[in-house]
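Close look at the chain arrangement
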Amino acid sequence: MGAELLGQDWDVRVNAYQPIGEKNKSVDALNTATLTGSSFTVTQGEEVAMQGFDGEVGYRLPVFDVDSGTNLRAYAGGYHFSSDTNGVDDVQGPRLRLDLTFDELPFAWKGSRFSVGAEWQKDDPRGSQGFVSARLRIPFSAFTGDKNPSKTLTTQERRMMDPIVRDIDVVTQAGAYGRSETATETTDGQTITIVNSAGIADTAALNTALTNAGANTVIVTDRIDTTALVIVPAGQTLIGSGAVGVRTPSGMNATAKKKKSALAATDTSLSYMMNIGNNTHIKGMNLSNSNSDGTGTYVVNAQTMSGVVIENSTITSFGATGGGVGVDVRNTTNAIVRNNTITASSNNAGAVGMLINGASNATIADNNFSLSTSGPKTVISGNGTTSIHAGSTGNTTDGGICSFTVAPTGSIGFSTITCP
């Protein structure tokens, strides 16, 4: 609903807007998932129609004669839109507009008009917006064959034929404004278990939690210090960071994003930090093991397993005198190790990024290796028959060599070294 007062020099306009019918429309792409305590809360995404008003005052700039048929007008005004839906910010701000109008175009019909305009507005939710427009009006007489009707409009009568001016668009806000529900599973149907330091007294309690979760998805929310071997059951997905697709009992889907979480061995005599089972998936974890008692120091052990995936993780091993090894995938089948940062270091013993001998169809891709020791530096060690998947490319290292006593089938692509 609107009203306007138009004169030769001054204009005043005001409009009110009230949505009717369905004001809130569900939009699944706007669903959000937030980790709160021991669960993910999914909030439904919606687009919300808003009610409000706008107004403006205009003045004819004295550039052209008032009766010339050409007018330049400047407008200043503002707008305010709101919604009864919780969480929806008000949309309000100033608006400026210029309009240049040409009446009675040469070589055209009486009553024709051409106008160009520019508009600017600014509000917090949408920021600054600018618009330009061009409009050509052709009277019905153009289609009846009467190019020059007898009626000639006065200046004020032409003003009364100005188009109605409204907000340039329908004002809505889109976001997570709907109902909230707790997610119970991932989008691929796995049950979700949340593990955090507050509920884990020691490594035994952590292993119990992982065993009870079974072959499902376990989300680690913070840093958990370990003093014994961590055992990840077969078929389990252990996630510390990255995107997690979750689903609620009613079927709402959303993607949660979380920062990297850590498992860190604090017992300086621990040889292996983590054993993983068949078809396990380690994603987005910060894993570290530091050993000072002279034995080799390993972080992730997947020996003889099949279908393991280790990706998007930071893996750090330090063996003071016994050497450090990042990942052990010896004698595995179809193992995938990709997009990790693997650091191995020692004071004077060997530093090995990965042990791979005996592995079958291993994929080693897009990893960044870093080795530090006064002893031998071996990026990848393959002291036995090994086969490499063709997708093993994109790796980098700050030094060291690949060591294979038996040439593997296939190769592991590095930008700075040949492997093998």
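This is a predicted model, so every value here is computed, not measured.

Moving on to the packing of aromatic side chains. Under the defined criterion, the tally for this structure stands at five aromatic pairs. Taking the centre distance of 4.6 Å and the plane angle of 45° together, the rings of W10 and Y59 count as tilted. One end of the pair, W10, is in strand β2 (residues 10-17); the other, Y59, is in strand β7 (residues 51-61), and 49 residues separate them in sequence. In this structure W10 comes out as exposed when scored by relative accessible area, which is 53%.

Moving on: the confidence of the model for the protein. Here the protein shows a mean pLDDT of 90. Residues at 70 or above account for 97%. Across the protein, the element-wise mean pLDDT spans from 65 in helix α1 (residues 141-144) up to 98 in strand β30 (residues 336-338).

Bringing the sheet that holds strand β5 (residues 39-43) into the picture now. Taking strand neighbours across the sheet as the criterion, the three strands line up as β4-β5-β13 in an open arrangement whose pairing is antiparallel. The open sheet has two edge strands, β4 (32-36) and β13 (180-182), and neither has a second partner. The mean inter-strand angle of the sheet, taken between neighbouring strand axes irrespective of direction, is 30°. For β4 and β5, the ladder comprises five bridges, and the chain directions are antiparallel. Its bridge partner being in β5, T34 is matched across the sheet by T41.

Take the sheet that holds strand β3 (residues 24-26) next. Taken in spatial order, the three strands of this open sheet run β3-β6-β12, and their pairing is antiparallel. Among the strands making up the open sheet, the edge pair consists of β3 and β12 (172-175). Taken pair by pair, the neighbouring strands of this sheet meet at an average axis angle of 15°, ignoring direction. Direction of pairing for strand β6 (residues 46-49) relative to β12: antiparallel, over a ladder of four bridges. Note that in β12 the partner of A49 across the bridge is T172.

Take the pattern of salt bridges next. Oppositely charged side chains may form a pair once their charged atoms are brought near each other. Overall, the coordinates contain 21 salt bridges when judged by the stated rule. Residues D11 and R159 are paired through a salt bridge, measuring 2.4 Å at the closest nitrogen-oxygen approach. Taken as a pair, D11 in strand β2 and R159 in helix α2 (residues 155-159) lie far apart in primary sequence, 148 residues in all. Of the two residues, D11 and R159, neither departs from the other in class, the shared state being buried. One salt-bridge network, held together by shared partners, links E4, D11, R13, E56, R73, R97, D103, R113, R158, R159 and D162.

Of all the positions in helix α3 (residues 203-213), only T203, L206, N207, L210 and A213 are classed as buried. When α3 is viewed along its axis, its buried side chains cluster within an angular range of 125° and face the same direction. Looking at α3, the residues exposed on the side facing more than 90 degrees away from the buried face are T211 and N212. Residues of α3 that are buried make contact with β15 (192-195), β16 (217-220), β17 (223-226), β18 (230-232), β19 (237-239) and β22 (261-265). For α3, the N-terminal capping position is held by D202, with its side-chain oxygen 3.3 Å away from the main-chain nitrogen of A204. Positive backbone phi, at 70°, marks G214, one or two positions downstream of α3.

Moving on, we come to the pairing of strand β25 (residues 285-291). Of the two faces of β25, only one is covered, namely that formed by M285, L287, N289 and N291; the face formed by N286, S288 and S290 stays uncovered. Pairing of β22 with β25, which is carried by four bridges, proceeds in the parallel orientation. When the bridges of β25 are listed, L263 appears paired with L287. In this structure, β25 lies alongside strand β28 (residues 314-319), joined through six bridges in parallel fashion. Directly across from S290, in β28, lies its bridge partner F318.

Analysis parameters
Residues numbered from 1 in each chain as written. Predicted model: local features only at pLDDT ≥ 70, side-chain atom pairs only at ≥ 80, totals over all residues. Heavy atoms only, no water. Phe/Tyr/Trp six-rings, centres within 6.5 Å; stacked < 30°, edge-to-face > 60°. Helix = DSSP H or I, 4+ residues; strand = E, 2+ residues; numbered from the N terminus. Buried < 20%, exposed > 50% of the residue type's maximum accessible area, 1.4 Å probe, protein only. pLDDT = per-residue confidence, 0-100. Pairing = 2+ DSSP bridges. Axes fitted to C-alpha atoms, helices over the stretch in contact; angles between N-to-C directions. Salt bridge = Lys/Arg side-chain N within 4 Å of Asp/Glu carboxyl O. Arc of directions from axis to C-beta. Contact = heavy atoms within 4.5 Å. Polar contact = N/O pair within 3.5 Å; in protein donor to acceptor, adjacent residues only side chain to side chain.

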